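The residues making up each chain are set out below.
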Amino acid sequence: MRQDENLTARASKTGSGDTVVALSSARGVGAVAVVRLSGPDSWAIARKMVAGRKKFGALSPRKMALCNLIGGGGELIDRALAVKFAGPASYTGEDSVEFHCHGGLAVSSAVIDAALRHGARSATAGEFTRRAFLNGRLDLAQAEAVDSLVHARTDEGRRAALAGLDGGLGTQVEAMRRSLIELKTELEYRIDFPDEAGQGLSAEKIESLLDDSLAKLAALLQGARRALLACRGAVVVIAGAPNVGKSSLFNTLLGSNRAIVTATPGTTRDAVESELVLDGHLVRLVDTAGLRESSGEAEQMGVEYSRHYIASSDVVLFVHEAGSDFRRAESEFLAEYGHGKLVRVLSKVDLNPVPDDEAEGFIPVSAKTGQGMPRLRRAIATAVESATGGSGEKTSPVTSLRQQKLLEEARELLRAACPANPPEIIAADIDEVCTRLSEITGRISGEDVLDSIFSRFCIGK
Amino acid sequence: MAKRSFDIAVIGAGHAGVEAARAAVAAGGSVALVTSRPETMGQMSCNPAIGGVAKGQLVREIDALGGLMARATDRASIQFRMLNTSKGPAVRSPRSQSDRFRYVRSLTQLVNEIPGLTVVSATATAIETREGRVRAVRTDRGGTLEVKAAVLAAGTFLNGLIRLGEKQIPAGRAGDSPSLALAESLKQLGLGVHRFKTGTPPRIDRNTVNFGALTEQTGDEPSYRFAHFHRCESLPQVSCWHTRTSSLTRALVLDNLKLSSMYGGWVEGTGPRYCPSIEDKFVRFPQRDRHHLFLEPEGLDSDEMYLNGLSNSLPLDVQTKLVNSVEGLESARIIRPGYAIEYDCYDPAELELSLESRIVRGLYLAGQVNGTSGYEEAAGQGLAAGLNAALSLRGEPPVIFGRAQSYLGVMIDDLVTHGADEPYRLFSSRAEFRLSLRQDNADIRLSPLAHSHGLITGEQFRRVRRRQDEVAKLIELVRRTRVGAERINPLLRRCGSTETSESPTVEKVLRRPEIGAPGLFSHLGGDFAGFPSAVIAQVEMEIKYEGYMTRERSRQEQATRLERVRIPARLDYSSLQSLSTESRQRLASHRPSSLGQASRIPGLRPDDISALMVELSRRKNK
Ligand SMILES: Cc1cc2nc3c(=O)[nH]c(=O)nc-3n(C[C@H](O)[C@H](O)[C@H](O)COP(=O)(O)OP(=O)(O)OC[C@H]3O[C@@H](n4cnc5c(N)ncnc54)[C@H](O)[C@@H]3O)c2cc1C
Ligand SMILES: Nc1nc2c(ncn2[C@@H]2O[C@H](COP(=O)(O)OP(=O)(O)O)[C@@H](O)[C@H]2O)c(=O)[nH]1
Ligand SMILES: [Mg+2]
């Protein structure tokens, strides 16, 4: 993992004051539960929690030892594995301790209780990662990647999150920012020292420097969509007129009864969302209200919601009932939404069987009999795959929407910058771009353009 | 001698002192201006020029606040240049070559016109305090002045020490005695003392210069005036001259380096990087032997010429050889040698944003004593210090100049928030809102504040308002008027812009990067003719760079919102559990007065600022 020297230097000098404790593995029943303590007193507190304090005290960092954990009344809580970490070589950058105890809430609660009694404080949500960030162990982009990694449900998601975690985004963004600052230094030199600087930079030179950054941003953003989809899942929206069987399809695909199915058109008033994994792709399936204009106010809202979902979806399952004029309905739908990533479905084929040649381009299914469902699943997986840019190997270090948005803003600002403008205006553009870039890593820039002017140019007539 | 009492004593009548006296009187104080030599009021110790990038903007601000500097400059200007004309309106900066002698005369006259001001010809020797507050200023021959506040504006004089080769001469600057007693008194009061250094080049006898070998630099038409409300006649205009150092100059400097005060190891003070000595230039950029030099006249009636770029602290005989190694100066004679000077100054981080010391209440510091360098910087601080000293005696809150409002605000905030670890000078790149902080709108930015504090008259204020109306009128005209293709195409062609076949609005034409407002309006004539250049510049910014101005304004508003969240002076940072220990320590030592100022403390993260914001609002709601 790449580390910023400044931040690491900072970390070694400081700690975040108090010591916190929390369950670090998933809540609920499992074979093992990990309780983590982090902060300056974590070793001391842990020492008080074990029987055989001497042995624990002598334990060297990153070595596991079996020990007995003792509760408030001196009773044995659990026999657990303990491991110490010495800051800054730990996840949070602080001294910390992990207890790997037996699973189940009862045990881990008792362990946490004991730690609290000895002076630890309950960690707030995400506090370990926050501390790691504050202590310079992770930049903000990496912290977000941790979040994605923890929540990764597919192999693809895990890989994308890992790409973010190795600090690649931070490094690239930082390099880009540096080169923009260099351009700004040139411009500022010419503004503040007009008698010495001579000629201004030519518009062509400025343009080519801006173009360089633009190309790098474009490259980062190219893989971003795919990486993001892998992390947060592709949004697949089920659309179609009311009562065509959308909710039934939704439930069948999920294998559960999440959406309400009724014979009254317009039952699903707002969108219902659920996750599933298809062929290794994380899919966020959304059931929506039907797309017909209607008078009911609540339903109207649901319809609005559908439009919104369709607009921001990656794939649309367009459902139409077998037996009606589905070609016309399709062209109407396309005229209104013009969505490129359609999977066309003919529903309720158990009632109205459709010959294969007539069904051309549609997938005939029945939620009732399960007919056509495997084919539909494959079709969805393929559509998701092509929406995410194919299965090429290139992964992008972008792991959150926030990062993507900032990169996009930076790109738009750079695109709008006009090299023929006077230098102070271009400098203003660069400032705006750099603000976005620093927000991505959460690093304060702090460098002084003046410093860089003094070191590069001989100033002072 | 009898005791006399005043509200405020201003110590020193340099650029900072005179502005402090003027502002303090205007804000209603009874003021004594104490100065060792009244005949040197506003003397330019170094370069005979006022203005330049960022500094020119500051002079305009000082004038908009009723200060004296712009008026004295106009009366002494012997060459005027607008810098950065090839760039946008935001960084165009006026600079005036000034007659040193006329400058002092004009300024003295302006000071004498300040109603009720008492000029005390004496050297201040000590500041007396009671319970941590200023109560009197002792002087050598003017008795003790009983005061409620004092503005310290003693420039480079405190423990001043001139260096010339291995020689050292205690002095405030060439020809003036240093202030030793006062420096000792300030040290006793517990102010944090720094030692800074600066230097000046030799002055050359113009009769010994071979001008034929130099390049002449003439100025612009002298129609520009720094002052907003007062016009005076132009003086005859003169030229400056450009030349360069040679490889011989370089060899001389490098061979004699150990004789230089700076490189011989005598100087301890920190010097400015933007004003390096010739020794510095050759040492730091050894690959270059030709550095720019400018010969600048010191006055219409003087033979002295200032050799800009050859500041040094070498012994006199080496300096002579150095000068003679320069093209055109082969037989030039030095009238006064260059030298380096070291002096005491005080950590500006110990000040409030009002420029009042936190160590000694009622003591305000301004100018070189705050670690700045430059006449304009000094004058601006003087004005702020004098004004705030008078306001505090009236029990009114100080005027804090915002970074979004003025270069003056940028400078004071920089000084107080970051301290000064080298002599501080303004640059346009220090101002994050520089598109708005222009020389053409200084009056519009500052006149409301100036008027409400009695720094300008009602009539002057109304004049600014009228000009603002003109701006609005011209903007309206630009948006509304369409021009025929046949009328605008000749201009487009001339400026290398693509011709049009329609009748675009003037606004649309002005938005083209190749088209400048002055050229466009004079081409159009008619209703567009006759607007003052400051009005044209404002319209150009508002139309041509509308998107940028809008963006900057919204950033200004955001910043101002943070600035408005005040932090109680006695906030106990150790109780703020949600902040890291380190951040708490930083905050406790800086004691920012607002969230805005806190956000600029180096090493604090946006995270810390949000946490602080939450804590502050929690406290308020309790
Ligand atoms: C050698 C030299 C080189 C310089 N070079 C540069 C340069 O390259 N660039 C630049 O920007 N600036 C330079 N300066 C700085 C510039 O001169 C100052 O920044 C500016 O003059 C500061 O203004 P001031 O009002 O703070 O002090 P000054 O202009 O120094 O005025 C101080 C005043 O206080 C009076 N005084 C001092 N002590 C007492 C006392 N005890 N009692 C009563 N009166 C007192 C003095 O008589 C004087 O009138 C240089 C200065 C010197 C001396
Ligand atoms: N026979 C049959 N009926 C279906 C099928 N799918 C849905 N239905 C019925 O059609 C009606 C509407 O279904 P629903 O899923 O609520 O449609 P939605 O309004 O599009 O969500 C209900 O009465 C369902 O039982 C199917 O595959 N076969
Ligand atoms: Mg439904």
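The structure we're discussing is the one just above.
So, how was this worked out
Residues numbered from 1 in each chain as written. Chains lettered and ligands numbered in written order. Predicted model: local features only at pLDDT ≥ 70, side-chain atom pairs only at ≥ 80, totals over all residues. Heavy atoms only, no water. Helix = DSSP H or I, 4+ residues; strand = E, 2+ residues; numbered from the N terminus. Rg over C-alpha atoms; globule rule 2.2 N^0.38 Å. Buried < 20%, exposed > 50% of the residue type's maximum accessible area, 1.4 Å probe, protein only. Contact = heavy atoms within 4.5 Å. Areas by Shrake-Rupley, 256 points an atom, 1.4 Å probe, with all protein chains shown as cover. Lys, Arg positive; Asp, Glu negative; His and termini not counted. Charge placed at Lys NZ, Arg CZ, Asp CG, Glu CD. Expected span 1.5 Å × (residues − 1). Arc of directions from axis to C-beta. Near = heavy atom within 4 Å. Polar contact = N/O pair within 3.5 Å; in protein donor to acceptor, adjacent residues only side chain to side chain. Nonpolar A, V, L, I, M, F, W, Y, C, P; charged D, E, K, R; others polar. Pairing = 2+ DSSP bridges. Core = buried A, V, L, I, M, F, W, Y, C linked by side-chain atoms within 4.5 Å. Domains from an automatic or database assignment. Axes fitted to C-alpha atoms, helices over the stretch in contact; angles between N-to-C directions. Parallel < 35°, antiparallel > 145°, perpendicular 65-115°, else oblique. Left-handed = near helix turned anticlockwise from the far one by under 90°. Buried area = accessible area lost by both parts, 1.4 Å probe. Salt bridge = Lys/Arg side-chain N within 4 Å of Asp/Glu carboxyl O. Phe/Tyr/Trp six-rings, centres within 6.5 Å; stacked < 30°, edge-to-face > 60°. Patch = residues over 30% accessible without salt bridge, like charges linked within 9 Å, V, L, I, M, F, W, Y side chains within 5 Å.

**Brief notes about the overall build of chain B**
A count of helices and strands for chain B gives 20 helices and 22 strands. What you see for chain B is a C-alpha radius of gyration of 26 Å, in line with the 25 Å of a compact globule of 622 residues. Counting all 622 residues of chain B, 60% fall into the buried class. Pairs at least 24 residues apart make up 71% of the contacts formed inside chain B by residues separated by at least 6 positions. For chain B, the accessible area works out to roughly 23,700 Å², and carbon and sulfur atoms hold 49% of it. Here chain B contributes 83 positively and 70 negatively charged side chains, and the mean placements of these two sets differ by 3 Å.

**Remarks on the overall build of chain A**
Within chain A, the regular secondary structure consists of 17 helices and 13 strands. For chain A, with 461 residues in total, the buried portion stands at 52%. Put simply, of all contacts in chain A between residues at least 6 apart along the chain, 65% involve residues at least 24 apart. Total accessible area on chain A is roughly 20,500 Å²; 52% of this is exposed by carbon and sulfur atoms.

**A closer look at helix H14 (residues 373-387) of chain A**
Every α-helix winds through 3.6 residues per turn, so residues three or four apart in the chain are directed the same way. Residues and elements named next belong to chain A. If you check H14, its first and last C-alpha atoms are 21 Å apart, about what 15 residues at 1.5 Å a residue would give, namely 21 Å. Those residues of H14 not exposed but buried are Met 373, Leu 376, Ile 380, Ala 381, Ala 383, Val 384 and Ala 387. Here the buried residues of H14 occupy an arc of 165 degrees about the axis, which is enough to place them on one side. Across from the buried face of H14, at angles greater than 90 degrees, the exposed residues are Arg 378, Thr 382 and Ser 386.

**Regarding the site of ligand 2**
Residues and elements named next belong to chain A. In the region of ligand 2, 16 residues are neighbours, and Asn 243, Lys 246, Ser 247, Ser 248 and Ala 367 sit closest. Between ligand 2 and Asp 350 there is a distance of 2.9 Å, counted from a nitrogen atom to a side-chain nitrogen or oxygen. Here Ala 367 contributes a backbone N or O atom positioned 2.9 Å from an oxygen atom of ligand 2. Burial of ligand 2 by the protein chains amounts to 85% of its free accessible area of 580 Å². Taken together, the residues that form the shell around ligand 2 break down as six nonpolar, six polar and four charged.

**Some thoughts on the pairing of strand E19 (residues 304-308) of chain B**
All names here are of chain B. The element E19 is largely enclosed, with a buried count of five among its five residues. Of the two faces of E19, the one holding Glu 304, Tyr 306 and Asn 308 and the one holding Met 305 and Leu 307 are both buried throughout. Note that strand E15 (residues 203-205) and E19 share three bridges and pair antiparallel. Bridging from a neighbouring strand, Arg 203 pairs with Tyr 306 of E19.

**Considerations on the nonpolar core**
Counting 108 residues, the largest nonpolar core has Leu 152 and Leu 363 of chain B as its most contacted members. Top element by residues in this core is helix H9 (residues 375-393) of chain B. It accounts for ten residues. Each of domain 1 (2-199 + 343-452) and domain 2 (203-341) of chain B gives at least three residues to this core. Setting aside anything within four residues of it in sequence, one finds Leu 363 of chain B in contact with Ile 127, Val 134, Ala 150, Leu 152, Leu 186, Leu 191, Leu 355, Glu 356 and Ser 357 of chain B. Counting 29 residues, the second largest nonpolar core, distinct from the first, contains Leu 187, Leu 220, Leu 221 and Leu 414 of chain A.

**With respect to the packing of helix H15 (residues 401-416) of chain A against helix H16 (residues 423-441) of chain A**
Residues and elements named next belong to chain A. Running from N to C, H15 and H16 cross one another at 165 degrees; their axes reach a closest spacing of 9 Å. Judged by the inter-axis angle, H15 sits roughly antiparallel to H16. Considering only the axes of H15 and H16, their crossing is left-handed. When H15 is examined against H16, the residues Arg 402, Gln 403, Leu 406, Leu 407, Glu 409, Ala 410, Leu 413 and Leu 414 are found in contact with a partner set consisting of Glu 432, Val 433, Arg 436, Leu 437, Glu 439 and Ile 440.

**Structural notes on the pairing of strand E8 (residues 234-239) of chain A**
All names here are of chain A. Buried residues dominate E8, accounting for six of its six residues. Inspection of the sheet shows E8 paired to strand E10 (residues 281-287) by five bridges, in the parallel sense. The residue bridging Val 236 from the neighbouring strand is Leu 285, located in E10. The sheet contact formed by E8 and strand E11 (residues 315-321) spans four bridges and is parallel. Among the inter-strand pairings, Val 236 is bridged to a residue of E11, identified as Val 315.

**Re the interface of chain B and chain A**
Across the contact, 43 residues belong to chain B and 42 residues belong to chain A. Carbon and sulfur atoms supply 53% of the area that chain B and chain A bury against each other, a total of about 3,700 Å² over both sides. The tally of links between chain B and chain A comes to five salt bridges. A salt bridge links Arg 555 of chain B to Glu 432 of chain A, with the shortest nitrogen-to-oxygen separation between them at 3.7 Å. On the surface where chain B and chain A come into contact, there are nine residue pairs in polar contact (both at pLDDT 80 or more). Contributions of two or more residues to the side of chain B that touches chain A are made by strand E5 (77-83), helix H7 (278-284), strand E18 (292-297), helix H17 (546-564), helix H18 (581-590) and helix H20 (606-621) of chain B. Looking at side-chain class alone, the side of chain B that touches chain A contains 16 nonpolar, eleven polar and 16 charged residues.

**A few points about the sheet that holds E5 of chain B**
Residue and element names in this part refer to chain B. Spatially, three strands are ordered E4-E6-E5 in an open sheet, and the strand pairing comes out antiparallel. Unpaired on one side and paired on the other, strand E4 (49-51) and E5 mark the two borders of the sheet. Adjacent strand axes in the sheet meet at a mean angle of 20 degrees, parallel and antiparallel pairs treated alike. As paired elements, E4 and strand E6 (residues 93-98) share three bridges and run antiparallel to each other. In the strand pairing of E6, Ile 50 is matched with Ser 96.

**Digging into the side chain of Gln 79 of chain B**
Here Gln 79 of chain B lies in strand E5. When residues no more than four places from it in sequence are discounted, the contact partners of Gln 79 of chain B are Arg 95, Ser 96, Gln 97, Gln 217, Thr 218, Gly 219, Gln 237, Val 238, Ser 239 and Cys 240 of chain B.

**Examining the packing of aromatic side chains**
All names here are of chain B. Going through the model one piece at a time under the given rule, you end up with eight aromatic pairs over all chains. Between the aromatic rings of Phe 80 and Phe 226, the centroid separation amounts to 6.3 Å while the plane-to-plane angle is 80 degrees, which identifies the pairing as edge-to-face. Pair noted here: Phe 80 is in strand E5 and Phe 226 is in the loop between strand E16 (215-217) and strand E17 (240-244), with a separation of 146 residues, a long-range link. Ring geometry for Tyr 224 and Phe 226: centres 5.6 Å apart, planes at 90 degrees, overall edge-to-face.

**Points about the sheet that holds strand E21 (residues 339-346) of chain B**
Residues and elements named next belong to chain B. Reading across the sheet, the four strands line up as E13-E12-E21-E14 and stay open at both edges, with antiparallel pairing between neighbours. Every other strand in the sheet has two partners, leaving strand E13 (167-170) and strand E14 (193-200) as the edge strands with one partner each. Taking the axes of each pair of neighbouring strands and ignoring which way they run, one obtains an average angle of 25 degrees across the sheet.

**Some words on the site of ligand 1**
All names here are of chain B. Taken together, the neighbourhood of ligand 1 is formed by 35 residues, with Ala 16, Ala 124, Ser 179, Gln 368 and Gly 374 sitting nearest. At 3.3 Å from a nitrogen atom of ligand 1 is found a side-chain nitrogen or oxygen belonging to Thr 198. Taken by itself ligand 1 offers 970 Å² of open surface, and the protein chains cover 97% of this. Only helix H1 (15-26), strand E3 (31-35), E14, E21 and H9 provide two or more residues apiece to the shell around ligand 1. Among the elements that line the shell around ligand 1, the one with the most residues is E14, at three residues. Residues of the shell around ligand 1, tallied by class, amount to 16 nonpolar, 17 polar and two charged. Of the residues that make up the shell around ligand 1, three or more belong to each of domain 1 (2-199 + 343-452) and domain 2 (203-341).

**Focus on unusual backbone geometry**
One can expect most non-glycine residues to show negative phi and most peptide bonds to be in trans. The peptide bond linking Gly 87 of chain A to Pro 88 of chain A adopts the cis configuration, its omega dihedral lying at 0 degrees. Mapped onto the elements, Pro 88 of chain A comes out in the loop between strand E5 (76-85) and strand E6 (96-102). A positive phi angle is found at Asn 84 of chain B, which is not glycine, with a value near 65 degrees. By secondary structure assignment, the location of Asn 84 of chain B is in the loop between E5 and E6. A residue is classified by how much of its surface remains accessible, and Asn 84 of chain B, at 5% relative accessible area, is buried. With phi around 50 degrees, Glu 131 of chain B is a residue other than glycine that occupies positive phi space. A relative accessible area of 78% means that Glu 131 of chain B is categorised as exposed.

**Quick word on a negative patch on the surface**
Where like charges cluster on the molecular surface, the negative patch consists of Glu 204, Glu 207, Asp 211 and Asp 212 of chain A. Counting through the fold element by element, Glu 204 of chain A comes out in helix H10 (residues 203-232).

**So, a positive patch on the surface**
Residues and elements named next belong to chain A. A cluster of basic residues, Arg 47, Lys 48, Arg 53 and Lys 54, forms a positive patch at the surface. Within the fold, Arg 53 resides in helix H3 (residues 53-58). Overall, Arg 53 belongs to the partly exposed group, its relative accessible area being 40%.

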